[in-house]
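Here is how the chains run, residue by residue.
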Protein chains: 2
Amino acid sequence: MEQKKKTEITKNKILEAAEAEFSALGLAAARVDSIAKSAGVNKQMIYAHFESKEGLYTAVLSRVYGRLSVYQETIAAYTFQGAETVRRIISDYFDFLMENPSFVRLMLWENLNDARYAAGIDTELFVGAERLLREGVERGMLRPTLDVEQTVISMNMFCFSAFSNLHTLSKISGIDLKTPDALRVRREHITELFLKYVFE
Amino acid sequence: MEQKKKTEITKNKILEAAEAEFSALGLAAARVDSIAKSAGVNKQMIYAHFESKEGLYTAVLSRVYGRLSVYQETIAAYTFQGAETVRRIISDYFDFLMENPSFVRLMLWENLNDARYAAGIDTELFVGAERLLREGVERGMLRPTLDVEQTVISMNMFCFSAFSNLHTLSKISGIDLKTPDALRVRREHITELFLKYVFE
DNA sequence: TATAAAAGTAACTGTTTGGTTGCTTTTCGG
DNA sequence: CCGAAAAGCAACCAAACAGTTACTTTTATA
């Protein structure tokens, strides 16, 4: 095999293992040796390709953040069609979070560390949804008093929170919120909540 | 000074310092030496009183969880009075979270560690709010189709999320959500959302 | 096919950290 | 006021860790 391709494979194996380790344990508790071992790669390769533990961490972060672009493109393609569009914004983001658990966890680690490393990464998570809601208001399909800015923030927060504090909340509520079924119920509930809020 | 009192003072100094350290850095990154230093106490005292780093951590956790009881008692004293009660449930919890930032952070650390240490701690965070909403439904003041269980979970999640992912959300939305003013706006917005949802 | 650059490896290092040990000082019941 | 028990302390230790070094193997190209 040619060298360039091999390099890419090694880098990828490292990134994959690092994503698992960092999202599971966070930057502080993650172990470089452990990443090297589970990647099946010599530790030195990590330093050769990523400079340092933190360099590897930011590389993982960019990679995972990058996956948002699929969601963003989906939203960007919509035009406002009433309730159905509100449903879509929520359920698409829900799907994204369900399929990307390491995104959720890395975001949480980052926030606890004052977003030290995520600060440099750009996302336009909000613009799509915001554009759609504004369109809805302008076309008179949503109530004119709607605070679009706050609503979009809420949509984000509420979808995210359905994934982020499941352990303690399950414990406190006595309901296992981690099952796919429970998440479906959550999604429906959140959607209903917003539909009642944005119309009329 | 008598010995017993002195012991209590030392223990308290340790717990105070530990709460700051653990909520700031999490269990993994927290340093026992650093706690001892900022408590103004010899490291060995920590091991004498709390056995291990993890023993100290669970002690901090219990202490901080314990502060919830004030909120619980407040809620327990209410009877359902319509919109005003819904406002109260939300704003009291909001106030609690605003006044107890280390509760928020420790909860987040715990969730990222699969609630390993919080699992043993009991709280009845939900029963008060749930009782009130059921009362509202039974007395015909809230719509009969209301899913009380999901609503209470949402109230909790949404209030909590107003404090939990502020760094990245501020960054993404371009609004500083960490200021007291922004939090007031959030509280109002969330309250409106629920009011629209639970009535009619 | 000769050779230089890059990929890959194992063994090592300096430092940090949770936890311990052996000792001195303070407290308090009788 | 005496003696035991608890409080308090500084120095120490073994393990774990991020990062390095010195060396061998593979690949690309001229």
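Note that this is a predicted model, so its numbers are computed, not measured.

(A) Spatial organisation of the relation of the copies chain B and chain A. Once chain B has been moved 0.0 Å along the axis and rotated by 180 degrees, it coincides with chain A to within an RMSD of 0.1 Å. What the rotation and shift describe, once combined, is the action of a two-fold rotation axis. A share of 100% of the interface residues of chain B reappears at the interface of chain A, consistent with the copies meeting face to face through the same patch.

(B) Spatial organisation of unusual backbone geometry. Even without glycine at this site, Asp114 of chain A takes up a positive phi of about 60 degrees. Mapped onto the elements, Asp114 of chain A comes out in the loop between α7 (101–112) and α8 (127–138). For Asp114 of chain A, a relative accessible area of 42% gives the class partly exposed. Within the chain, Glu51 of chain B stands out as a residue other than glycine whose phi angle is a positive 75 degrees. Looking at Glu51 of chain B, the relative accessible area reads 69%, which means it is exposed.

(C) Quick look at the state of the cysteines. Taken as a whole, this structure holds zero disulfides over all chains when the rule is applied. The thiol of Cys159 of chain A is unpaired, and the distance to the nearest cysteine sulfur, on Cys159 of chain B, comes to 17 Å. Residue class for Cys159 of chain A comes out buried when judged on its relative accessible area of 1%.

(D) Local environment of the packing of helix α11 (residues 180–198) of chain A against helix α11 (residues 180–198) of chain B. Running from N to C, α11 of chain A and α11 of chain B cross one another at 95 degrees; their axes reach a closest spacing of 8 Å. As the angle between them shows, α11 of chain A and α11 of chain B are arranged roughly perpendicular. Residue-level inspection shows His189, Glu192, Leu193, Phe194, Lys196 and Tyr197 of chain A of α11 of chain A in contact with α11 of chain B, the latter providing His189, Glu192, Leu193, Phe194, Lys196 and Tyr197 of chain B.

(E) Expanded view of the domain arrangement of chain A. Residues and elements named next belong to chain A. Assigned domains of chain A: these are domain 1 (2–64) and domain 2 (67–199). Relative placement of domain 1 and domain 2: their C-alpha centres are 30 Å apart. Listed as interface residues are 15 residues of domain 1 and, on the opposing side, eleven residues of domain 2. Each partner contributes to the roughly 1200 Å² buried at the junction of domain 1 and domain 2, and carbon and sulfur atoms together form 60% of this total. If you sort the residues of domain 1 by the area they bury against domain 2, Ser23, Leu61 and Val64 come out on top, with a joint share of 45%. Taken together, the connections running from domain 1 to domain 2 amount to one salt bridge.

(F) Summary view of helix α6 (residues 83–99) of chain B. The end-to-end C-alpha distance of α6 of chain B, which contains 17 residues, comes to 24 Å, matching closely the 24 Å that a straight helix rising 1.5 Å per residue would cover. Looking at the buried side of α6 of chain B, the elements it contacts are α5 (68–76), α7 (101–112), α8 (127–138), α9 (148–164) and α11 of chain B.

(G) Structural view of the interface of chain B and chain A. At the interface, 52 residues of chain B touch 53 residues of chain A. Summing both partners gives a buried area of about 4800 Å² for chain B against chain A, and 66% of it is carried by carbon and sulfur. Taken together, chain B and chain A are joined by zero salt bridges. Contributing elements (two or more residues each) for the side of chain B that touches chain A: α1 (3–29), α7, α9, α10 (166–173) and α11 of chain B. When residues in the side of chain B that touches chain A are grouped by element, the largest group, twelve residues, is from α9 of chain B. Of the residues in the side of chain B that touches chain A, the class split is 28 nonpolar, 14 polar and ten charged.

(H) Structural context of the packing of helix α9 (residues 148–164) of chain A against α11 of chain B. It is the contact of α9 of chain A with α11 of chain B, at a shortest axis distance of 11 Å, that shows an interaxial angle of 80 degrees. Looking at the two axes, α9 of chain A sits roughly perpendicular to α11 of chain B. Touching Gln150, Thr151, Ile153, Ser154, Met157 and Phe158 of chain A of α9 of chain A are Val185, Arg186, His189, Ile190 and Leu193 of chain B, all from α11 of chain B. Here the residues of the contact of α9 of chain A with α11 of chain B are counted per class, giving six nonpolar, four polar and one charged.

(I) Molecular detail of the layout of surface pockets. By volume, the largest pocket amounts to about 470 Å³. As for the largest pocket, its lining consists of 20 residues, and the residues nearest its centre are Leu25, Ala28 and Ala29 of chain A together with Ala28 and Ala29 of chain B. Looking at the lining of the largest pocket, the elements that each hand over two or more residues are α1 (3–29) of chain A together with α1 of chain B. Of the residues belonging to the lining of the largest pocket, the class tally is twelve nonpolar, four polar and four charged.

(J) Broad picture of α5 of chain B. Residues and elements named next belong to chain B. Of all the positions in α5, only Leu68, Tyr71 and Ile75 are classed as buried. End-on, the buried residues of α5 take up no more than an arc of 60 degrees, which puts them together on one face. The exposed residues of α5 that point more than 90 degrees off its buried face are Val70 and Glu73. Buried residues belonging to α5 abut α4 (53–66), α6, α7 and α8.

(K) Structural context of the side chain of Thr123 of chain B. Along the chain, Thr123 of chain B turns up in the loop between α7 and α8. Relative accessible area serves as the criterion here: at 11%, Thr123 of chain B is assigned to the buried category. In contact with Thr123 of chain B, other than residues within four places in its own chain, are Ile172 of chain A together with Tyr65, Leu68 and Gln72 of chain B.

Reading guide: rules and limits
- Residues numbered from 1 in each chain as written.
- Chains lettered and ligands numbered in written order.
- Predicted model: local features only at pLDDT ≥ 70, side-chain atom pairs only at ≥ 80, totals over all residues.
- Heavy atoms only, no water.
- Least-squares fit on C-alpha atoms with pLDDT ≥ 70 in both.
- Contact = heavy atoms within 4.5 Å.
- Helix = DSSP H or I, 4+ residues; strand = E, 2+ residues; numbered from the N terminus.
- Buried < 20%, exposed > 50% of the residue type's maximum accessible area, 1.4 Å probe, protein only.
- Disulfide = S-S within 2.5 Å.
- Axes fitted to C-alpha atoms, helices over the stretch in contact; angles between N-to-C directions.
- Parallel < 35°, antiparallel > 145°, perpendicular 65-115°, else oblique.
- Domains from an automatic or database assignment.
- Buried area = accessible area lost by both parts, 1.4 Å probe.
- Salt bridge = Lys/Arg side-chain N within 4 Å of Asp/Glu carboxyl O.
- Expected span 1.5 Å × (residues − 1).
- Nonpolar A, V, L, I, M, F, W, Y, C, P; charged D, E, K, R; others polar.
- 1 Å grid on protein atoms, 1.4 Å probe; cavity = no way out; pocket = protein on both sides within 12 Å on 5 of 7 lines; lining within 4 Å.
- Points joined across faces, edges and corners; volume = space filled by probe spheres on them.
- Arc of directions from axis to C-beta.

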